[in-house]
Amino acid sequence: MKQQEFLATVMPFKDKLYRLAKRLLVSKEEAEDATQEILLKLWTRNEAMTKYKSVEAFAMTMTKNFCLDRLKSKQASNLKLVHSNYEDEGKKVQKQIEHADSISWVEKIMEELPEQQKMVLQLRDIEEYDYEEIEQMLDMKPTAVRVTLSRARKAVREKLIQKHNYGIA
């Protein structure tokens, strides 16, 4: 596979790799490093990529595994939380603050979820993958994916309701 073919194949889902890495590693810098590592690994395997049914699913699986290995390593103690600022000029300042606060709470709640629930929720609701693709990436049965997603959504919903009804938990 030549460079142009590789770029045409990989670049459309590069941002999804980054978002998955950021969800798992939290740090923007660590996620950028992980994404670069995965792209480099894909380039070194570019001849073999033609035999994969879905290069995107393969790359997402590589990213997941790389990030989980990274979290298990000794360097995981160096990872830190980096907050992003979300700006939308059309909204009032109060709405901006509420929106950023809600996003922050959802991110915090997602970090507390079990690893499998976090992965399924990220892939389905944020990355918008089909159930079949998630089953393939995470090597799960169809019913397991749906049950895990349901439990993850329920946990996030309950914690958000609790936070909004009773203040900071």
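Here is a short report on the structure shown in this document. (Residues numbered from 1 in each chain as written. Predicted model: local features only at pLDDT ≥ 70, side-chain atom pairs only at ≥ 80, totals over all residues. Heavy atoms only, no water.)

1. Some thoughts on the overall build of the protein chain
Helix and strand counts for the protein chain stand at 8 helices and 0 strands. The long-range fraction of contacts in the protein chain, counting pairs at least 24 apart against all pairs at least 6 apart in sequence, stands at 66%. With an accessible surface of roughly 10,900 Å², the protein chain has 49% of that area assigned to carbon and sulfur atoms. (Helix = DSSP H or I, 4+ residues; strand = E, 2+ residues; numbered from the N terminus. Contact = heavy atoms within 4.5 Å. Areas by Shrake-Rupley, 256 points an atom, 1.4 Å probe, with all protein chains shown as cover.)

2. Let's talk about helix α5 (residues 93-112)
For α5, with 20 residues, the first-to-last C-alpha span of 29 Å sits near the 28 Å given by 1.5 Å per residue. Inspection of α5 places Ser104, Trp105, Ile109 and Met110 among the buried residues, and these make up the whole buried set. (Expected span 1.5 Å × (residues − 1). Buried < 20%, exposed > 50% of the residue type's maximum accessible area, 1.4 Å probe, protein only.)

3. Here we look at a negative patch on the surface
Judged by side-chain charge, Glu29, Glu32, Asp33 and Glu37 come together as a negatively charged surface patch. Assignment of secondary structure puts Glu32 in helix α3 (residues 28-44). Residue Glu32 is classed as partly exposed on the basis of its relative accessible area, which comes to 36%. (Patch = residues over 30% accessible without salt bridge, like charges linked within 9 Å, V, L, I, M, F, W, Y side chains within 5 Å. Salt bridge = Lys/Arg side-chain N within 4 Å of Asp/Glu carboxyl O. Lys, Arg positive; Asp, Glu negative; His and termini not counted. Charge placed at Lys NZ, Arg CZ, Asp CG, Glu CD.)

4. Re the packing of aromatic side chains
In the structure shown here, the tally under the stated rule is 2 aromatic pairs. Plain terms: the ring middles of Phe6 and Trp43 are 5.0 Å apart, the flat faces sit at 75 degrees to each other, and that makes the pair edge-to-face. With Phe6 in helix α1 (residues 3-10) and Trp43 in helix α3, this pair connects stretches of sequence that are 37 residues apart. When its relative accessible area of 5% is taken as the criterion, Phe6 is described as buried. Taking the relative accessible area as the measure of exposure, Trp43 reaches 36% and is therefore partly exposed. Considering the side-chain rings of Tyr52 and Phe58, the 4.1 Å spacing of their centres and the 15 degrees angle between planes classify their relative orientation as stacked. What makes Tyr52 partly exposed here is its relative accessible area of 31%. (Phe/Tyr/Trp six-rings, centres within 6.5 Å; stacked < 30°, edge-to-face > 60°.)

5. Digging into the pattern of salt bridges
All chains considered together, the criterion is met by 9 salt bridges. Residues Glu127 and Arg19 are paired through a salt bridge, measuring 3.1 Å at the closest nitrogen-oxygen approach. Of the two residues, Glu127 sits in the loop between α6 (115-126) and α7 (131-138) while Arg19 sits in helix α2 (residues 14-25), which places them 108 residues apart along the sequence. For Arg153, the salt bridge is made with Asp125, and the minimal N-O distance between the two is 2.5 Å. Note that Arg153 is positioned in helix α8 (residues 142-166) and Asp125 in helix α6, a separation of 28 residues in sequence. Salt bridges sharing partners connect three or more residues here, namely Glu111, Glu115 and Lys118.

6. Description of the nonpolar core
Counting residues in each nonpolar core, the largest one holds 41 residues, and the members touching the most others are Leu42 and Leu123. Of all the secondary-structure elements, those providing two or more residues to this core are α1, α2, α3, α4 (55-72), α5, α6, α7 and α8. Top element by residues in this core is α4. It accounts for 8 residues. Apart from residues lying up to four places away in sequence, Leu123 is in contact with Leu20, Met60, Glu128, Tyr129, Ile134, Met137 and Leu138. (Core = buried A, V, L, I, M, F, W, Y, C linked by side-chain atoms within 4.5 Å.)

7. Focus: α6
If you check α6, its first and last C-alpha atoms are 16 Å apart, about what 12 residues at 1.5 Å a residue would give, namely 16 Å. Those residues of α6 lying buried are Gln117, Lys118, Met119, Val120, Leu121, Gln122 and Leu123. If you follow the buried residues of α6, they end up packed against α2, α4, α5, α7 and α8. One or two residues past the end of α6 sits Glu128, with phi positive at roughly 60 degrees.

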